[in-house]
Amino acid sequence: MPKYRRIVLASRPSGPVTPENFRLETIDTPAVADGQFLVRNHYLSLDPYMRGRMNESRSYAASQPLNETMVGGTAGEVVESRHSRFTVGDQVVAYLGWQEYGLSDGTGVYKADTTHLPLSAYLGPVGMPGVTAWYGLNRIIAAKAGNTVVVSAASGAVGSVVGQLARLAGCRAIGIAGGAEKCTYVAGELGFDACIDYKHEDVAKSLKALAPDGVDGYFENVGGEILNAVLPRMNAFGRIALCGMIAGYDGQPTPITNPTWFLISRLKLEGFIITEHMDVWPVALRELGGLVARGKLRYRETVAPGLENAPAAFIGLLKGQNFGKQLVKLV
């Protein structure tokens, strides 16, 4: 029987993730039973939420089991099928994890039309990151023309989409990113009104200068000191979409130093997990797919070659070394 490779979680991190937390294995390709199909994965999606799943602690999802395939989104091609709705050659987006092949019964799997969009885009702007951006901006921030919207991790897979959608809605979009290259990309190619380099600028001072009339909506991907700098600039009845807090994923989270701003400015802060809002996916994906196909929504990918490089790419993602969507290309 043919074999394939996968990466499993070998141990739980105690602090920053290390390569030793993972193990590369070779296993037998499973037989395809009635109602199942086999997918050859072409791309793996690497995302910050995976860091939380590596811990054995209470969270919104079950912990990643030890010695099992690392969780994660995938995009690939059906190579064998005994399923009525999926045939050989179908391009599909699934959740098959860090492995070269995956067996599925179709649950949570959808077909990807690659006529006008590359397959990889379905793991980025026309996938989970894009829908996350769409939901946070439209349903929590409820952005309206004339609003000022601030986005942390603005060059990332989610943040980059948030700012562009805000601009298309007639908002002023201000990004926060790490490094001159990322800020040039955000304010240049992506069309944000401005971008603050948190590595070399005082975020609070820069934000006061760039948003003298305050901030109406904030899309939070980072937390920590960035959140502390934005809170005083929020306008009354401002809305904060809490998507991630990557600043604390590898260590102790930075506390909110002045939570009285929530009362003073009557702020709304709402955390959300996009897989709990599947009802919005069809409309969001149609809009996002159309924008990408027409060149109205730009994106960038950082692609690591080969399954064996997934752990290093994931560690780099947690350190902000990626540019845009972090993928692993298997074929």
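Okay, so let's go over this structure. Values in this document were obtained by computation on a predicted structure and should not be read as measured data. (Residues numbered from 1 in each chain as written. Predicted model: local features only at pLDDT ≥ 70, side-chain atom pairs only at ≥ 80, totals over all residues. Heavy atoms only, no water.)

**Structural notes on helix H4 (residues 180-187)**
Of all the positions in H4, only Lys182, Cys183, Tyr185 and Val186 are classed as buried. Looking straight down H4, one finds its buried side chains confined to an arc of 160°; they lie on one side. Within H4, the exposed residues directed more than 90 degrees away from the buried face are Ala180, Glu181 and Thr184. For H4, the secondary structure elements touched by its buried residues are strand S9 (172-177) and strand S10 (194-197). (Buried < 20%, exposed > 50% of the residue type's maximum accessible area, 1.4 Å probe, protein only. Helix = DSSP H or I, 4+ residues; strand = E, 2+ residues; numbered from the N terminus. Arc of directions from axis to C-beta. Contact = heavy atoms within 4.5 Å.)

**Remarks on helix H2 (residues 128-141)**
For H2, with 14 residues, the first-to-last C-alpha span of 18 Å sits near the 20 Å given by 1.5 Å per residue. With 11 of its 14 residues buried, H2 lies for the most part within the structure. Residues Pro129, Gly130, Val131, Thr132, Ala133, Trp134, Tyr135, Gly136, Leu137, Ile140 and Ile141 constitute the buried set of H2. Downstream of H2 by a residue or two, alanine 142 has a phi angle that is positive, lying close to 50°. (Expected span 1.5 Å × (residues − 1).)

**Re the packing of aromatic side chains**
All told, the structure shown has eight aromatic pairs when counted by the stated rule. Relative to phenylalanine 86, the ring of phenylalanine 37 lies with its centre 4.4 Å away and its plane at 25°, an arrangement referred to as stacked. Taken together, the residues phenylalanine 37 in strand S3 (residues 37-45) and phenylalanine 86 in the loop between strand S4 (74-81) and strand S5 (91-94) connect sequence positions 49 residues apart. Judged by centre distance (5.0 Å) and plane angle (85°), the rings of tyrosine 185 and phenylalanine 323 are edge-to-face. Taken as a pair, tyrosine 185 in helix H4 and phenylalanine 323 in the loop between helix H9 (310-318) and strand S15 (325-329) lie far apart in primary sequence, 138 residues in all. Residues tyrosine 185 and phenylalanine 323 agree in their burial class; the two are buried. Aromatic rings pair up to connect Phe22, Trp98 and Phe314 into one cluster. Above the face of the phenylalanine 237 ring, arginine 266 is positioned so that its terminal group lies 4.8 Å from the ring centre. (Phe/Tyr/Trp six-rings, centres within 6.5 Å; stacked < 30°, edge-to-face > 60°. Lys NZ or Arg CZ within 6 Å of the ring centre and 35° of its normal.)

**Observations concerning the pairing of S5**
Across the two faces of S5 the burial is the same, with Gln91 and Val93 and Val92 and Ala94 all buried. Pairing analysis gives two bridges linking S5 to strand S7 (residues 110-111), with the strands arranged antiparallel. Looking at the pairing, valine 93 lines up with tyrosine 110 of S7. (Pairing = 2+ DSSP bridges.)

In short, shape yes, function no, at least from these values alone.
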